[in-house]
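This is what each chain is made of:
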Amino acid sequence: MNVEKPAALDVRGHQRPTAPHHRQHRPWHFKTVVAVVFVVMAASSAPSPLYGLYQQQWHFGTTTSTVIYACYALGAILTLLVAGGLAEHLGTQRTIVVALATIVVSFLTFLLATGAWALCLARLIQGVGVGLLTSSAGSALADLHRDHSHRAAAAANSAATSTGIALGAVFSGLAIQFAPAPLVTPFVVLTVLSVGGIVLVRAIPPWQIVPERLGPWRPRMLRLGAEPRGILLRVAPIVTASWAVVGLYLALGVDLVAGLLHTTDRALASLVILVVQGCGGIAPMLLRRLGDRAASVTGCALLVAGVGVSVIGYDTAHALLFFSGAAITGAGFGLCFMGSTSTVTAAVIAGGHPQLLPGFFALAYLAVSVPVVALGAAASRFGVAAAFSWFGLLVALLAVVAGAIAVGPRANHALCGHR
């Protein structure tokens, strides 16, 4: 496998090589992109704890909050489906810079917001930025790793994504408790970090052959050939099961903990998100040497066990058991994310299928957003406990199926064939 071959760029006009194939990138280049992923993922979760303050200020209900989240998911999914090929045109380095600039615009929209409609717009813009980043960060990390290891890149991507989501929500929760301006502080801090990210990414020597003059670019719907479509279909059950579990805890976790601990402190109740996503970030780093297949199968087993333990813990009003299940579930998500991302990234590098990453993350965001919206409606009608138990059972069954498929011989080629 020629891991040093740069991704093809769909451009017109004269090109000049600005990234020699033998260039050895320094560790801070790789770490910079990891940090950018962390900051953008932190930005994606930072607004969630603030919705209660917005509701008090502008008097809207839970349904509106769900619509605001749906705008974020819609922005990410549409960007991945329609503009996922932008990285082929601009190159991944420029696309990451555009993504960060878009995220900064979303922060400014939050700061200037005067109503729920502005929050919808801010989250939509934020979704666009996240979609642009996720479509390019995976291959960028593989290119910048000192050994060009897609597995190490996937582990770092998974860890940065999970810990970013966790700590972004925690940071906003702490701002509510201690900051003098909780609706301003998180976005100012994240703006500074994002601008710093732009400066650092631009300082990295180019790692692809980039065009001297860019030709016109037009959005186009993502289309996958037979081979990349087959790879995506093989990892689809794992992606769907693992990200649906994240949607389960994002949608109901805070309300579950509030009832379990009999607290109205939203920051305390948000600890379940920290546990799930924190363990999702730690597990890939501790077990980064696992092969793609082993990581996926182990992750599916942990998803089943974790959801089961959490449901039992909630039904028996045992907080420690509930949080233990959340931790196990988070570790399972992290390993599934690492295994599936590594498989897809390897296929992008080895087979020249850059469309795979946008398709992969579009599927992931669809899998995490549909449960959030559906569970919000189900909880309103049937109650939080019933929605958690029944959806937890469905996700566990899906994880069992995904694990069985990963063990099969066809999946063995898909998950282990790209070394």
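Above this note sits the structure.
Residues numbered from 1 in each chain as written. Predicted model: local features only at pLDDT ≥ 70, side-chain atom pairs only at ≥ 80, totals over all residues. Heavy atoms only, no water.

Caption draft 1: Up close: the nonpolar core. In this structure, Tyr-54, Leu-252, Val-272, Phe-322, Tyr-365 and Phe-388 are the most contacted members of the largest nonpolar core, which totals 115 residues. No other element matches the 19 residues that helix α9 (residues 226–261) contributes to this core. Residues from two domains meet in this core; each of domain 1 (25–205) and domain 2 (225–408) gives at least three. Formed by seven residues, the second largest nonpolar core is a distinct cluster that contains Ala-283, Ala-295, Ala-331 and Leu-335. (Core = buried A, V, L, I, M, F, W, Y, C linked by side-chain atoms within 4.5 Å. Buried < 20%, exposed > 50% of the residue type's maximum accessible area, 1.4 Å probe, protein only. Helix = DSSP H or I, 4+ residues; strand = E, 2+ residues; numbered from the N terminus. Domains from an automatic or database assignment.)

Caption draft 2: Quick look at the environment of Leu-86. Topologically, Leu-86 is positioned in helix α4 (residues 86–90). The exposure class of Leu-86 is buried, given its relative accessible area of 11%. Separated by 134 residues in the primary sequence, Leu-86 and Arg-220 place their C-alpha atoms 9.5 Å from one another.

Caption draft 3: Structural context of the packing of helix α1 (residues 27–45) against helix α7 (residues 150–178). Between α1 and α7, whose axes approach to 7 Å, the crossing angle comes to 35°. Regarding α1 and α7, the two cross each other, and that crossing is right-handed. On α7, the residues touching Phe-30, Val-34, Val-37, Phe-38, Met-41, Ala-42, Ser-44 and Ser-45 of α1 are Ala-152, Ala-153, Ala-156, Asn-157, Ala-160, Thr-161, Thr-163, Gly-164, Ile-165, Leu-167, Gly-168 and Ala-169. Of the residues assigned to the contact of α1 with α7, the class counts are 13 nonpolar, seven polar and no charged. (Axes fitted to C-alpha atoms, helices over the stretch in contact; angles between N-to-C directions. Left-handed = near helix turned anticlockwise from the far one by under 90°. Contact = heavy atoms within 4.5 Å. Nonpolar A, V, L, I, M, F, W, Y, C, P; charged D, E, K, R; others polar.)

Caption draft 4: Quick look at unusual backbone geometry. Of note, the phi angle at His-59 is positive, near 55°, even though the residue is not glycine. Residue classification places His-59 among the exposed residues on the basis of a relative accessible area of 69%. Phi angles above zero are rare outside glycine, and Ala-317 is one such case at about 55°. For Ala-317, the location among the structural elements is in the loop between α12 (292–315) and α13 (319–351).

Caption draft 5: The arrangement of the packing of aromatic side chains in detail. Overall, the coordinates contain 16 aromatic pairs when judged by the stated rule. Each ring, one from Phe-110 and one from Phe-187, has its centre 4.5 Å from the other, and the planes form 10°; the classification is stacked. Separated by 77 residues along the polypeptide, Phe-110 in helix α5 (residues 92–111) and Phe-187 in helix α8 (residues 185–203) bring together distant segments of the chain. Look at Phe-110 and you get buried, because its relative accessible area is 3%. Aromatic pair Phe-360 and Phe-361: ring centres 5.0 Å apart, planes at 85°, arrangement edge-to-face. No difference in accessibility class separates Phe-360 from Phe-361, as the two residues are buried. Just above the ring of Tyr-72 sits the side chain of Arg-123; from NZ or CZ to the centre is 4.4 Å. (Phe/Tyr/Trp six-rings, centres within 6.5 Å; stacked < 30°, edge-to-face > 60°. Lys NZ or Arg CZ within 6 Å of the ring centre and 35° of its normal.)

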